[in-house]
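Working through the structure, step by step
Listed below are the residues making up each chain.
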Amino acid sequence: MSAAAKAGGTRERAARPVAVTVRGAYKRFGAQQVLAGVDLTVPAGEVTVILGPSGSGKSTLLRTINHLEKLDAGHVEVGGEPVGVRRHRGRFKELGERAILAQRGRIGFVFQNFNLFPHLTALENVAAAPAATGRRSRAQAREAARELLARVGLGDRAEAYPRQLSGGQQQRVAIARALALEPGVILFDEPTSALDPELVGEVLSVIKDLATGGTTLIVVTHEVGFAREVADSVVFLDGGRVLEQGPPADVLSAPRHPRTREFLSRVL
Ligand code: ADP
Ligand code: MG
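Residues numbered from 1 in each chain as written. Chains lettered and ligands numbered in written order. Predicted model: local features only at pLDDT ≥ 70, side-chain atom pairs only at ≥ 80, totals over all residues.

Overview of the UniProt feature "domain: ABC transporter" (unreviewed entry) in the protein
Sequence positions flagged by UniProt for "domain: ABC transporter" (unreviewed entry) are, in local numbering, residues 20–264. From the first C-alpha to the last, residues 20–264 spans 26 Å; its make-up is 37% helix and 28% strand. (UniProt positions renumbered as here; feature names shortened; annotations may be inferred. Helix = DSSP H or I, 4+ residues; strand = E, 2+ residues; numbered from the N terminus.)

This is the structure we're talking about:
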């Protein structure tokens, strides 16, 4: 548990981390079976890194967790709650749009290309969603956004627009924005792939701080060094299946599957 969570009443309240489970996930696009029976368990407060070749289904898997993609079969639970559906008389029924949006608000998502609003300042980007949900007043949302920007090392860039920030700074704003809704889990889809090499470290270091603080994180990345240092568990996805999952020392240093060995020899 993070220091902030232990302290209880502090203003910068950390959300309680939640577990994520994916069971028998299948997803097809046209003729292509993109997820072919994925099972994944991410305990609350742990960091799971997902590795795998391009096209192996990593983004699709993340997108099913917050219901940006709907599964053909299987199910996802976040914090013990089924995603996108509810149980009704022993059967599953689709949730309505509002309920899906509410659920998505509890799942942070950080994209490869930051996806900041270009016409809003860093502060406004971070404050927008909490203000819109009505959970906080505008003034409270801005105050919280200031604290979050300081936490990602951008306390002095609150009034800057995205185009005035480096890629690394923009991605740190995006992380602050994800934190603003106090999610129980944050999903990262190749958060450093669009960055110049010299900017990768500042973003990984912010993610590492979140990991140390006890937030549940699922991180798709090719940064094997980060996985080795920060992950509790490493998953190797290939052809829409989990080929192996385990502690970094096992999967990265002594991979059992030839496909994992081949992949690691290419990225290391
Ligand atoms: P990864 O993130 O591991 O590179 P993706 O999950 O993005 O893989 O994609 C897996 C496969 O599914 C790719 O071949 C991709 O072209 C295909 N795909 C992903 N999204 C769509 C979509 N919305 N429509 C059609 N094909 C898609
Ligand atoms: Mg991807």
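Here we look at helix α4 (residues 122–133)
Those residues of α4 lying buried are Ala122, Leu123, Asn125, Val126, Ala127 and Pro130. If you follow the buried residues of α4, they end up packed against α5 (138–151) and α6 (167–180). Within two residues after α4, Gly134 carries a phi angle of roughly 80°, on the positive side. (Buried ≥ 20, exposed ≤ 12 C-beta atoms within 10 Å, placed from the backbone. Contact = placed C-beta atoms within 7 Å.)

Let's talk about the sheet that holds strand β1 (residues 20–29)
The strands that make up a sheet pair up through hydrogen bonds in the backbone, lying either parallel or antiparallel. Pairing is antiparallel in the open sheet, where 4 strands are placed in the order β2-β1-β4-β5. Here the strands that pair on one side only, and so sit at the sheet edges, are β2 (32–42) and β5 (81–82). Where strand β4 (residues 73–78) lies against β5, 2 bridges are found, and the strand directions are antiparallel. Bridging from a neighbouring strand, Glu77 pairs with Pro82 of β5. (Pairing = 2+ DSSP bridges.)

Concerning the nonpolar core
One broad trend across soluble globular proteins is that nonpolar side chains are buried collectively. In terms of nonpolar packing, the biggest core is built from 71 residues, with Val126 and Leu149 touching the most fellow members. No other element matches the 7 residues that α6 contributes to this core. The residues contacting Val126, other than those within four sequence positions of it, are Ala145, Leu148, Leu149, Val173, Ala176, Arg177 and Ala180. (Core = buried A, V, L, I, M, F, W, Y, C linked by C-beta atoms within 7 Å.)

Side note on the environment of Glu143
With respect to the secondary-structure elements, Glu143 resides in helix α5. On the neighbour-count criterion, Glu143 (14 C-beta atoms within 10 Å) is partly exposed. Between the alpha carbons of Glu143 and Arg228 there is a distance of 36 Å; along the sequence they are 85 residues apart.

Some details on the packing of α6 against helix α7 (residues 197–212)
Between α6 and α7, the least distance of the axes is 8 Å, while the angle of their chain directions is 15°. When the axis of α6 is compared with that of α7, the two are roughly parallel. Both α6 and α7 take part in a crossing whose hand is right-handed. Judged by residue contacts, Gly167, Gly168, Gln171, Arg172 and Ile175 of α6 engage Leu199, Glu202, Val203 and Val206 from α7. Among the residues making up the contact of α6 with α7, the classes are represented as 4 nonpolar, 3 polar and 2 charged. (Axes fitted to C-alpha atoms, helices over the stretch in contact; angles between N-to-C directions. Parallel < 35°, antiparallel > 145°, perpendicular 65-115°, else oblique. Left-handed = near helix turned anticlockwise from the far one by under 90°. Nonpolar A, V, L, I, M, F, W, Y, C, P; charged D, E, K, R; others polar.)

Some points on the site of ligand 1
Contacts to ligand 1 come from Phe29, Gln32, Val34, Gly52, Ser54, Gly55, Ser56, Gly57, Lys58, Ser59 and Thr60. For the shell around ligand 1, the element with the highest residue contribution is helix α2 (residues 58–65), accounting for 3 residues. Considering only residue class, the shell around ligand 1 consists of 2 nonpolar, 8 polar and 1 charged. (Near = placed C-beta within 6 Å.)

Looking at the pairing of strand β8 (residues 107–110)
Of the two faces of β8, the one carrying Ile107 and Phe109 and the one carrying Gly108 and Val110 are both buried. As paired elements, β8 and strand β9 (residues 185–189) share 4 bridges and run parallel to each other. Directly across from Phe109, in β9, lies its bridge partner Leu187.

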